[in-house]
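Given next are the chains, with one letter for each unit.
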Amino acid sequence: MKTKALRLYGANDLRTEEFELPEIKDDEILVKVVSDSICMSTYKCATLGKEHKRVPQDCDVNPVIMGHEFAGDIVKVGKKYDGQFFPGTKFTLQPALNYKGTMWSPGYSYPYFGGDCTYCIIPQEVMELGCFLQYDGDAYFEASLAEPYSCSIGAAHAAFHTRMGVYEHDMGIKEGGKMIILAGAGPMGLGMAEYIIHCDRRPGTLIVTDINEDRLAKARSLFDEEDAKKMGVDLQFVNTANVEDPAAYLKGLVGGTGYDDVFAYAPVTAVVELASDILGRDGCLSFFAGPTDKHFSARLNYYDVHYNSTHVIGTTGGNTEDMKESLRLTAAGRIRPAVMVTHIGGLDCAGETTLNLPKIPGGKKLIYTHLNMPLTALDEFEEKGKTDPRFAELDKIVKAHKGLWCAEAEKYLLANF
């Protein structure tokens, strides 16, 4: 079977090519990829090439398929998994395999296994590790976003708290406590807010900050503070751009005592230091955003570490159980991965989008791999609809869903583009 894929040959060398896939082995599965969301990790891989730890040194002669946040349909199942997996069902997967101590991962390391393609082969280690996941939800894009969503879910689970004189960690955010997401009006921060409001372990107060009023206005349009209150969460969106003393102001919002859980969603020194300054007793600082600078550092208040039991954690990605939770909550309609999506496009724009990702504003860029379509922001649909009635219809559908990408829009896109 032929596939078309975006392949990595070296640093900044991406090529969209058609080639023949080998016949699957008895312990492999052939899949049709429908959607793949582009991650900043993919940008780092594309720009580093062989310098990336997950990329094989011979990628110049044995190129690898890009993309690791993908979903689609099972096409053919090898004999070993006959009766366990079935053609025609939706799938997604956990890309962080860590198989037998290697760092190999789809989107970085495999010639026939990745998300930016029309068809690919799932190798046996994915099933062996329990990382191949069937999905019962309606939309492919929601399954694609299960992996990035699991990163925030994992961060929430990794937070911990203690009791004076007891040497045990109570895992997870503090239930009924005070939580804040700094630099949180971007796609990942909004995904975290959506999860926190609707998961089974919720704070009493959730503050989301940013310094960009446009992002905050968009966030406010997507979240209903009254609905959050019904879930027991006092939700507030706060612009700290012109606040003279952000730490004092933010602590004042919760009575001056500081926060139980502080999540820093930008690798910016000022953000991390603000996170340290607003921790309350036994406060947990979660450094979520991964820096590209290996020497990135910031000031931490060690007086509070010693006397107030404050502590710092960092997570990079979620695990398979986090992905399963994301898929379960999404299928049940409890969370909306769509809050992260701002652009859609076809496979033909995946390479350019990947290499220019930091320069493109907005949230998640969603690629539909069987389409040829320029990268298009959701808020561009109305203008494009003046000359293309298909975009006019997409605009109508999206606006009916609070400006969010949705299953109805995806079905229309796949049927008409």
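Residues numbered from 1 in each chain as written. Predicted model: local features only at pLDDT ≥ 70, side-chain atom pairs only at ≥ 80, totals over all residues. Heavy atoms only, no water.

Novice: Describe helix α11 (residues 320-331), and please don't skip the residues or the numbers.
Specialist: Three- or four-residue spacings in an α-helix give side chains the same orientation, since the helix completes a turn every 3.6 residues. With 12 residues, α11 should cover 16 Å at 1.5 Å per step; its first-to-last C-alpha distance of 16 Å lies within 8% of that length. Its buried side turned inward, α11 meets β6 (90-93), β8 (132-135), α3 (140-144), α4 (146-158) and α5 (187-198). (Helix = DSSP H or I, 4+ residues; strand = E, 2+ residues; numbered from the N terminus. Expected span 1.5 Å × (residues − 1). Contact = heavy atoms within 4.5 Å.)

Novice: Got a sec to walk through the sheet that holds strand β15 (residues 279-287)? Specific residues and values, please.
Specialist: Here we have 6 strands laid out as an open sheet, ordered β13-β12-β11-β14-β15-β16, and parallel in their pairing. Unpaired on one side and paired on the other, β13 (234-239) and β16 (311-314) mark the two borders of the sheet. With strand direction ignored, the average angle separating the axes of adjacent strands in the sheet is 20 degrees. Bridge count between strand β11 (residues 178-182) and strand β14 (residues 259-264): 4 bridges; the pairing is parallel. Opposite methionine 179, over in β14, you have aspartate 261 as the bridge partner. Lying on the sheet, α5 is in contact with β11, β12 (205-210), β13 and β14; it crosses β11 at an angle near 160 degrees. (Pairing = 2+ DSSP bridges. Axes fitted to C-alpha atoms, helices over the stretch in contact; angles between N-to-C directions.)

Novice: Explain unusual backbone geometry to me, and be specific about the residues and the numbers.
Specialist: The phi dihedral of aspartate 282 falls on the positive side, at around 60 degrees, and the residue is not glycine. With respect to the helices, strands and loops of the structure, aspartate 282 is situated in strand β15.

Novice: An account of the nonpolar core is requested, with residue identities and associated values reported.
Specialist: Ranked by size, the top nonpolar core spans 63 residues in total, and within it Phe141, Met192, Tyr195, Leu206, Ile344, Tyr368 and Trp405 carry the most contacts. Beyond its immediate sequence surroundings of up to four residues, tyrosine 195 is in contact with Tyr149, Ile153, Ala156, His157, Glu325, Leu329 and Ile335. Counting residues in each nonpolar core, the second largest holds 29 residues, with Val31, Phe70, Phe85 and Ile122 among its members. (Core = buried A, V, L, I, M, F, W, Y, C linked by side-chain atoms within 4.5 Å. Buried < 20%, exposed > 50% of the residue type's maximum accessible area, 1.4 Å probe, protein only.)

Novice: Hey, could you go over the packing of aromatic side chains for me, with residue numbers and the actual values?
Specialist: Evaluation of the coordinates by the stated rule reveals 14 aromatic pairs. Summarising the aromatic geometry, the rings of phenylalanine 70 and phenylalanine 91 are spaced 6.1 Å apart at their centres and angled 80 degrees between planes, so their arrangement reads as edge-to-face. Residue phenylalanine 70 is located in strand β5 (residues 70-77), and its partner phenylalanine 91 is located in strand β6; the two are separated by 21 residues in the primary sequence. The pair formed by phenylalanine 70 and phenylalanine 91 is uniform in burial state, with each residue classed as buried. The rings of Phe70, Tyr81, Phe85, Phe91, Tyr110, Phe113 and Phe132 are connected pair by pair, giving a single aromatic cluster. When the ring centre of tyrosine 108 is taken as origin, the NZ or CZ atom of arginine 54, which lies over that ring, is 5.7 Å away. Between the NZ or CZ atom of arginine 336 and the centre of the ring of phenylalanine 223, over which it lies, the distance is 5.5 Å. (Phe/Tyr/Trp six-rings, centres within 6.5 Å; stacked < 30°, edge-to-face > 60°. Lys NZ or Arg CZ within 6 Å of the ring centre and 35° of its normal.)

Novice: Would you mind going over helix α9 (residues 269-277) in detail, with residue names and values included?
Specialist: Burial in α9 covers these residues: Val271, Val272, Leu274, Ala275 and Ser276. Buried residues in α9 make contact with β11, α8 (246-252), β14 and β15.

Novice: Which residues make up the pattern of salt bridges, and what are the values?
Specialist: In the structure shown here, the tally under the stated rule is 22 salt bridges. A salt bridge links glutamate 23 to lysine 76; the shortest N-O distance between them is 3.6 Å. Of this pair, glutamate 23 sits in the loop between β2 (13-20) and β3 (29-38) while lysine 76 sits in strand β5, and the two are 53 residues apart along the sequence. Overall, glutamate 23 belongs to the exposed group, its relative accessible area being 62%. Connected through salt bridges with shared partners, the residues Glu382, Asp395 and Lys399 form a single ionic network. (Salt bridge = Lys/Arg side-chain N within 4 Å of Asp/Glu carboxyl O.)

Novice: Kindly report on the packing of helix α14 (residues 389-399) against helix α15 (residues 407-416), identifying the contributing residues and their values.
Specialist: With their axes 9 Å apart at the nearest point, α14 and α15 run at an angle of 165 degrees to one another. With respect to α15, the axis of α14 lies roughly antiparallel. The two elements α14 and α15 cross, and the hand of that crossing is right-handed. On the side of α14, the interface is formed by Pro389, Arg390, Glu393, Leu394, Ile397 and Val398, while α15 contributes Glu408, Ala409, Tyr412, Leu413 and Asn416. Residue composition of the contact of α14 with α15, grouped by class: 7 nonpolar, 1 polar and 3 charged. (Parallel < 35°, antiparallel > 145°, perpendicular 65-115°, else oblique. Left-handed = near helix turned anticlockwise from the far one by under 90°. Nonpolar A, V, L, I, M, F, W, Y, C, P; charged D, E, K, R; others polar.)

Novice: Which residues make up the sheet that holds β2, and what values do they have?
Specialist: Strand order across the open sheet formed by 3 strands is β2-β1-β4, with antiparallel pairing between neighbours. Each edge of the open sheet is held by one strand with a lone partner, namely β2 and β4 (64-65). In this structure, strand β1 (residues 2-10) lies alongside β2, joined through 8 bridges in antiparallel fashion. In the strand pairing of β2, leucine 6 is matched with threonine 16.

Novice: Tell me about the pairing of strand β9 (residues 160-163), residues and numbers included.
Specialist: Two elements, β9 and strand β10 (residues 166-171), share 3 bridges in a ladder whose sense is antiparallel. In the sheet register, histidine 161 faces β10, and the bridge partner there is aspartate 170. In this structure, the hairpin formed by β9 and β10 is closed by a connection of 2 residues, where glycine 165 is found at a positive phi of approximately 80 degrees.

Novice: Any chance you could break down the side chain of arginine 54 for me, citing the residues and the numbers?
Specialist: Secondary-structure assignment places arginine 54 in the loop between α1 (40-48) and β4. The side chain of arginine 54 is buried and forms no salt bridge, while glutamate 147, the nearest opposite charge, is found at 8.8 Å. At 2.8 Å, the side chain of arginine 54 and the backbone oxygen of methionine 103 are in polar contact. Setting aside residues up to four positions removed in sequence, arginine 54 forms contacts with Met103, Trp104, Ser105, Tyr108 and Ser109. (Lys, Arg positive; Asp, Glu negative; His and termini not counted. Polar contact = N/O pair within 3.5 Å; in protein donor to acceptor, adjacent residues only side chain to side chain.)

Novice: An account of the side chain of lysine 365 is requested, with residue identities and associated values reported.
Specialist: Note on placement: lysine 365 falls in strand β18 (residues 364-368). The side chain of lysine 365 is buried and forms no salt bridge, while aspartate 379, the nearest opposite charge, is found at 11 Å. A distance of 3.1 Å separates a polar side-chain atom of lysine 365 from the backbone oxygen of proline 361. There is a polar contact of 2.7 Å between the side chain of lysine 365 and the backbone oxygen of glycine 363. If near-sequence neighbours (up to four positions away) are discounted, lysine 365 is found in contact with Asp36, Ser37, Ile38, Thr342, His343, Thr353, Leu357, Ile360 and Leu375.

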